[in-house]
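Tertiary structure, described
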Amino acid sequence: TSALHIAYLSLGLNKGDIVWSSPNTFVATTNTALHCGAEVDFVDIDPQTYNISIEKLEKKLILAKKNKKLPKILACVHFAGQSCDMESIYELSLIYKFKILEDASHAIGAKYKQFKVGSCKFSDITVFSLHPVKIITSGEGGIATTNDEVLASKMNLLLSHGIKKGKVIMNQ
């Protein structure tokens, strides 16, 4: 939950923004977006994979563009060790200009094509859970990965409550 919250904040999620996710998830994926003041909506799943349906996502994006209600972030939820179709999602993000957050709480050690889930090859940030019921645990907390140095810096600043090398950074 904490890693999701910091990831959303680092991606610039604010009041009035829209996050889409899968209805097949734990409530933290969307509750943390609500805590940022965002609106939440869902994209139906593929009954074969239980992950977001690319066909339904594309149809929903087309309609949302017409209605000027596109999401700022799509929170993809990998389920039961299966990754979402991240390359297709990434291609749609280039067209519709949304950020991609992977909730990989059910996919530690999984692969998508030849890439490990968490490599962020097709996303901005990936989050893993360390909750006691997960495969790897520390009692609580989470891990966030990214290839973007700016996002990593923002997450580190939020994680440390704005304290950076002995300074308190205000208005971040």
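Note: the structure precedes this text.
Attention in this report is confined to the structure presented alongside it. Keep in mind it's a predicted model, so treat the numbers as computed, not measured. (Residues numbered from 1 in each chain as written. Predicted model: local features only at pLDDT ≥ 70, side-chain atom pairs only at ≥ 80, totals over all residues. Heavy atoms only, no water.)

1. A word on the overall build of the protein chain
When helices and strands are tallied, the protein chain shows five helices and ten strands. If you sum the accessible surface of the protein chain, you get close to 9600 Å²; carbon and sulfur atoms cover 56% of it. (Helix = DSSP H or I, 4+ residues; strand = E, 2+ residues; numbered from the N terminus. Areas by Shrake-Rupley, 256 points an atom, 1.4 Å probe, with all protein chains shown as cover.)

2. Thoughts on helix α1 (residues 2–10)
Listed in full, the buried residues belonging to α1 are Ala3, Leu4, Ile6, Ala7, Tyr8 and Ser10. Gly12 sits one or two positions beyond α1 and adopts a positive phi of about 80°. (Buried < 20%, exposed > 50% of the residue type's maximum accessible area, 1.4 Å probe, protein only.)

3. Overview of the packing of aromatic side chains
Across all of its chains, the model carries four aromatic pairs by this definition. Ring plane angle 90° and centroid distance 5.8 Å describe the contact between Tyr112 and Phe122, whose orientation is recorded as edge-to-face. Of this pair, Tyr112 sits in strand β5 (residues 111–112) while Phe122 sits in the loop between β6 (115–116) and β7 (125–129), placing them ten residues apart in sequence. Through a chain of ring-to-ring contacts, the aromatic side chains of Tyr90, Tyr112, Phe115 and Phe122 assemble into a single cluster. Geometry around Trp20 places Lys60 over its ring, the cationic atom sitting 5.2 Å from the centre. (Phe/Tyr/Trp six-rings, centres within 6.5 Å; stacked < 30°, edge-to-face > 60°. Lys NZ or Arg CZ within 6 Å of the ring centre and 35° of its normal.)

4. Some points on the packing of α1 against helix α5 (residues 149–159)
At a minimum axis distance of 9 Å, the contact between α1 and α5 shows a crossing angle of 125°. Considering their axes alone, α1 and α5 lie oblique with respect to each other. Viewed along their axes, α1 and α5 form a crossing whose handedness is right-handed. Residues Ile6, Ala7, Leu9 and Ser10 of α1 lie in contact with α5, whose contacting residues are Leu151, Lys154, Met155, Leu158 and Leu159. Among the residues forming the contact of α1 with α5, the class breakdown is seven nonpolar, one polar and one charged. (Axes fitted to C-alpha atoms, helices over the stretch in contact; angles between N-to-C directions. Parallel < 35°, antiparallel > 145°, perpendicular 65-115°, else oblique. Left-handed = near helix turned anticlockwise from the far one by under 90°. Contact = heavy atoms within 4.5 Å. Nonpolar A, V, L, I, M, F, W, Y, C, P; charged D, E, K, R; others polar.)

5. Let's talk about the pattern of salt bridges
According to the stated counting rule, one finds five salt bridges in the structure shown. Asp17 is the salt-bridge partner of Lys72, the closest N and O atoms lying 3.3 Å from each other. Placement of Lys72 in the loop between α3 (54–66) and β3 (73–77) and of Asp17 in the loop between α1 and β1 (18–21) is noted, with a sequence separation of 55 residues between them. A salt bridge links Asp41 to Lys60, with the shortest nitrogen-to-oxygen separation between them at 3.0 Å. Taken together, the residues span a long stretch of sequence, with Asp41 in strand β2 (residues 39–42) and Lys60 in helix α3 at a distance of 19 residues. Looking at Asp41, the relative accessible area reads 32%, which means it is partly exposed. (Salt bridge = Lys/Arg side-chain N within 4 Å of Asp/Glu carboxyl O.)

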